[in-house]
Structures are given as structure tokens and as C-alpha cells.
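A look at the structure
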Amino acid sequence: MTTAAHPVSALAPNYHPLPVTVAHGEGSWVTDTAGRRYLDLLSAYSALNFGHRHPALVAAAHAQLDRLTLTSRAFDHDLLEPFATRLAGLVGPLLAGTSHLVLPMNTGAEAVETAVKAARKWGYEVKGVPADRATIVVADGNFHGRTTTIVSFSTDPDARRGFGPFTPGFVSVPYGDADALAAALDDTVVAVLLEPVQGEQGVVVPPDDYLPAVRALCDRADVLLVADEIQSGLGRTGSTLACERWDVRPDLVTLGKALGGGVVPVSAVVGRADVLEVLTAGTHGSTFGGNPMACAVGLAVIDLLEPGTLQARARTLGERMGERLGPLVDDERLSGLRTIGLWAGLDVAPSAPGGPATGRELCERLLARGVLAKDTHGATIRLAPPLTIDVEDLDRALDHVVDAVRG
Ligand SMILES: *Cc1c(COP(=O)(O)O)cnc(C)c1O
């Protein structure tokens, strides 16, 4: 018998967090167990677009806790229909088609799974694809979640290795290359599933003609365009959907992260009624999807987004962020910088003297300066401050980023 090394932690090691233990959060700030304060430039991967404990979201959650928390979908509750109506009202006008439905789930991965199932069933029942032959085209470098089906079409070896056998029916083509996509569209294709901006890949923004070309190709081939806006949606890029930045209307959109306001997990598929209609009673579901807590917080999130002020704020503050970070590229301190709205991907230049060698090292330097950010794919870090961040706090945080990059 072999004895396993005694674990230092009872947690499974599937994350490698920065060495900080947070005990309190408010707005753009968190405080650790030792009382040190940090500006949060990650915003839980955009789940905290409205900051920590936004008063309107906390109030909605408190009020709901005192009234009704769960019914399951076996019974309706009084916020389910209002949530669906309001979310369809916010997002429907940005989608293809004239009539839209909402299918509530909990996590992002579940929303993506729901979109995959809806697209396949639509393919068989409406488009007429032969049974079990449906193909969904995705893009290299994608991130859509962690289920076995979703990692089946990941191109990240870490996300896939050891988790086979994989779900068939997916084809991956280079991101940003409309010709490669066109070549993949045969008669079995039911959907193209894309992130309009690849967040996890390091805020990769496609060429301006890409998404419009994808939309045109999907129209021509009778293929659904499914936009995964779980990270890019709900204000981050300066509009309610990132797709709006290119005037592109997807058939289905997956939302998550910020839809729960950083309070509870809330996700949804919003899309053309004639597509989501295929998921009839008994064919798909979720015990917690659309629960009263989720709907109460989700409605308060919609209240925050409806006026468009936060989306405009993301654009204005994003320009400020771009202007502040741009010189680091000119100085060859960064080898890459991509921004859209209040969202940036920075690639450290490992050969820059005194600069950080990796994204992780940059995050450690920022942590020491009281700023939280997270690396991805080695050399890259992603900045996604709360859309509610004070201008002074943003400037202060960016000063630290600039200094930490310069070393
Ligand atoms: C985070 C994310 C997901 C998965 O969401 P979970 O809530 O972690 O399951 C899916 N797609 C995109 C684009 C994401 O950023």
C-alpha cells in the first residue's frame, strides 16, 4: 500500500489561485483576512460587472430570501414570467427573428449545453438533418465551459487531456477566418457556436468583417448563429451584447456570469422562438433553473442594464484604459494589447528588462501593489474592472499596472 502525501489543503487542486484570502467586498474593492484592501480588476471573470454587493442586487436578494426561494419548475412562481419577459425585452431586439423566448438555467456551461441541444433538435426537426448526423462548427481557442461535451470541442490540451471519450458532432475552425468557416459548412451543419470576443483566450477581438461574414454564411446555409456572450455580454464591451459592436444579430445567445449579479448563478439561452420551441415539456430541464432567487436578482440586473448608462460607461472608461496602456506597447513592454469596452488582454514581453517574465508574475506584482488580476495562457493577463468602478480608482489601478509592467 502506498501512502499519499498528506494534503496541505482539503480542496481538490483544480485551481491555482493567487495567494490572497478575501473576506469582504464592496464595489470595486475587496479586503483580505488580514485587513489589506485590493482593487478587483478581474470581477470574477465579468460575473461582477456591477461590482461586489451592488446595493440594488443585495436588496433584491434579501427581499426574495424573506419571501420565496425555490419552487422547482414543477410549479410556476410569480417572478418567472416577468424575468423571461424582461430579459426577452432587453435582448430580443438584438437578435435575429421577431419573436423570442428565454430558457433559464444556472451556470454558463448549462446554457451552452442547452443551446447545443436546441440547435441539434432544431436541425433534425426543422432543417431536416438525418438522425444523429448534426454538426456544430466552433472556433479554435474557444472557451464554452467544462462539461464533457463542451471540452470535447475545446482546442486547449489542458481542458481535454484525460477526459475522453469525447462527444462527436463538432468541427473546429480557425477563429477570425470566415473562409475556413465557409469551407466547414456542409449539409449536416446546424449551428455555428462562437464567442464574439474570446475572453478566456485573452480578450481576442476578431477582425471587423468576421462576424458580419459569419452571419451572412449562416443565412445562406440555413445554419443557426449561436453567440456565447456569457463573458462578453451584459455591458462588458460597451453594449448589451458584444455582437452589437458589429451590428450582428445571432439566432441564439447564451448569457451567464453577470446575469446573476455576482450574487447567485443565473444563466439563460435567449433566442428565436421558432428554435427554442423545439425544447418541449420533458425534453430538457433544470431543478434550479429560473428559481425565485435567480429571477429576483436577474430582474434587478436587467433594471441596471436597461438605461444603457453602464454600457456607455464601459465605452468611456475603456477608452481611458486603452490610452493609459497603449504606450506600454510602443515601449515594447507589452508584446500585445487588445481592448474592447472596459476589457483588455495584455501580453507581457518576457525579454523586456525588469519586466515580468509571465502573466502570473505580473499578477503577483499587482497583488503586492493591492490590485487583483488573473493570468491566462502563460503570457497574458486580462483586465475586466467592474463597470461601476470610480474613475479615480481605475486610474489608480492602471498606474499600478503600468508600474508593474515596467518593473
Ligand atoms: C465562463 C464562461 C462559460 C462557462 O460558464 P460557467 O458558469 O463557468 O459554467 C461559458 N462560456 C464563456 C464564454 C465563458 O466565459
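Residues numbered from 1 in each chain as written. Predicted model: local features only at pLDDT ≥ 70, side-chain atom pairs only at ≥ 80, totals over all residues. Heavy atoms only, no water.

In the annotation of an unreviewed UniProt entry, the protein chain is listed under the name ornithine aminotransferase and assigned to Cellulomonas oligotrophica. The Pathway (unreviewed entry) field of the UniProt record for the protein chain holds the comment "Amino-acid biosynthesis; L-proline biosynthesis; L-glutamate 5-semialdehyde from L-ornithine: step 1/1." Under the UniProt heading Sequence similarities (unreviewed entry), the entry covering the protein chain gives this text: "Belongs to the class-III pyridoxal-phosphate-dependent aminotransferase family." (UniProt positions renumbered as here; feature names shortened; annotations may be inferred.)

This part covers the sheet that holds strand β12 (residues 344-348). Backbone-to-backbone hydrogen bonds pair the strands of a sheet. The strands run either parallel or antiparallel. With antiparallel pairing, four strands are arranged side by side in an open sheet as β11-β12-β15-β14. Lying at the two open borders of the sheet, with one neighbouring strand each, are β11 (334-339) and β14 (374-376). Strand after strand, the sheet turns through a mean of 25° between neighbouring axes, direction not considered. In terms of strand pairing, β11 meets β12 through five bridges, oriented antiparallel. Among the inter-strand pairings, T339 is bridged to a residue of β12, identified as A344. Its contacts with the sheet place helix α11 (residues 309-330) against β11, β12 and β15 (380-383), and it is angled at close to 160° to β11. (Pairing = 2+ DSSP bridges. Helix = DSSP H or I, 4+ residues; strand = E, 2+ residues; numbered from the N terminus. Axes fitted to C-alpha atoms, helices over the stretch in contact; angles between N-to-C directions. Contact = heavy atoms within 4.5 Å.)

Moving on: the site of the ligand. Residues in close proximity to the ligand include T107, G108, A109, F143, H144, G145, E195, D228, I230, Q231 and K257, which together make up its full environment. In this structure, F143 approaches the ligand through a main-chain N or O atom, which is 3.4 Å from a nitrogen atom. A distance of 2.7 Å separates a nitrogen atom of the ligand from a polar atom in the side chain of D228. For the ligand, whose unbound accessible area comes to 380 Å², protein coverage reaches 81%. A per-class count over the shell around the ligand returns three nonpolar, five polar and three charged. (Near = heavy atom within 4 Å. Polar contact = N/O pair within 3.5 Å; in protein donor to acceptor, adjacent residues only side chain to side chain. Areas by Shrake-Rupley, 256 points an atom, 1.4 Å probe, with all protein chains shown as cover. Nonpolar A, V, L, I, M, F, W, Y, C, P; charged D, E, K, R; others polar.)

Partitioning the protein chain into structural domains gives domain 1 (22-54 + 309-406) and domain 2 (59-305). Inter-centroid distance (C-alpha atoms) of domain 1 to domain 2 is 27 Å. Across the boundary between the two partners, domain 1 contributes 29 residues, which contact 28 residues of domain 2. A buried area of about 2,400 Å², summed over both sides, lies between domain 1 and domain 2, and 59% of it is on carbon and sulfur atoms. Linking domain 1 with domain 2 are one salt bridge. R382 serves as the salt-bridge partner of E200, at 3.1 Å between the closest nitrogen and oxygen. Inspection of the region where domain 1 meets domain 2 yields 16 residue pairs in polar contact (both at pLDDT 80 or more). Listing elements by their share of the side of domain 1 that touches domain 2, those giving two or more residues are α1 (43-46), α11, β11, β12 and β15. Classifying every residue of the side of domain 1 that touches domain 2 by side-chain character gives 15 nonpolar, eleven polar and three charged. (Domains from an automatic or database assignment. Buried area = accessible area lost by both parts, 1.4 Å probe. Salt bridge = Lys/Arg side-chain N within 4 Å of Asp/Glu carboxyl O.)

Across the interface, helix α12 (residues 359-368) lies against helix α13 (residues 391-406) with an axial gap of 9 Å and an inter-helix angle of 130°. In this view, α12 runs oblique relative to α13, as classed from their interaxial angle. Viewed along their axes, α12 and α13 form a crossing whose handedness is right-handed. Two secondary-structure elements touch here, α12 through L362, R365 and L366 and α13 through H400, V401, A404 and V405. Of the residues in the contact of α12 with α13, the class split is five nonpolar, one polar and one charged. (Parallel < 35°, antiparallel > 145°, perpendicular 65-115°, else oblique. Left-handed = near helix turned anticlockwise from the far one by under 90°.)

Another point: the sheet that holds strand β13 (residues 371-372). Read from one edge of the open sheet, four strands run β1-β2-β3-β13, paired in mixed fashion. Either end of the sheet is taken by a strand with one partner, and the two such strands are β1 (22-26) and β13. Sheet topology note: the β1/strand β2 (residues 29-32) ladder contains four bridges and is antiparallel. By the bridge assignment for β2, G25 is matched with V30. Lying over the sheet, α13 contacts β2, β3 (37-40) and β13, oriented at roughly 95° with respect to β3.

To continue, consider the packing of aromatic side chains. This structure, assessed with the given rule, holds two aromatic pairs. Judged by centre distance (5.5 Å) and plane angle (70°), the ring pair of Y175 and Y210 falls under edge-to-face. Residue Y175 is located in the loop between β6 (170-173) and α7 (178-184), and its partner Y210 is located in helix α8 (residues 210-221); the two are separated by 35 residues in the primary sequence. Just as Y175 is buried, Y210 falls in that class too. Its guanidinium or amino end placed over the ring of W29, R37 lies 4.2 Å from that ring's centre, counting from NZ or CZ. Seen from the ring of F166, R160 lies directly overhead, with NZ or CZ sitting 4.1 Å from the centre. (Phe/Tyr/Trp six-rings, centres within 6.5 Å; stacked < 30°, edge-to-face > 60°. Buried < 20%, exposed > 50% of the residue type's maximum accessible area, 1.4 Å probe, protein only. Lys NZ or Arg CZ within 6 Å of the ring centre and 35° of its normal.)

Glancing now at the environment of L305. Within the secondary structure, L305 sits in helix α10 (residues 292-305). Those residues in contact with L305 that lie beyond four places of it in its chain are F50, L90, L234, G235 and Q311.

Here the focus is the pairing of strand β7 (residues 189-194). The buried fraction of β7 is high, at six of six residues. With three bridges connecting them, strand β5 (residues 135-139) and β7 associate as parallel partners. From the neighbouring strand, I136 faces β7, where its bridge partner is A191. Relative to strand β8 (residues 224-228), β7 runs parallel, the two sharing four bridges. Residue pairing for β8: A191 is matched across the bridge by L224. Taken together, β7, α8 and β8 constitute a β-α-β crossover, and its handedness is right-handed. (Right-handed = clockwise from strand over helix to strand, strands pointing away.)

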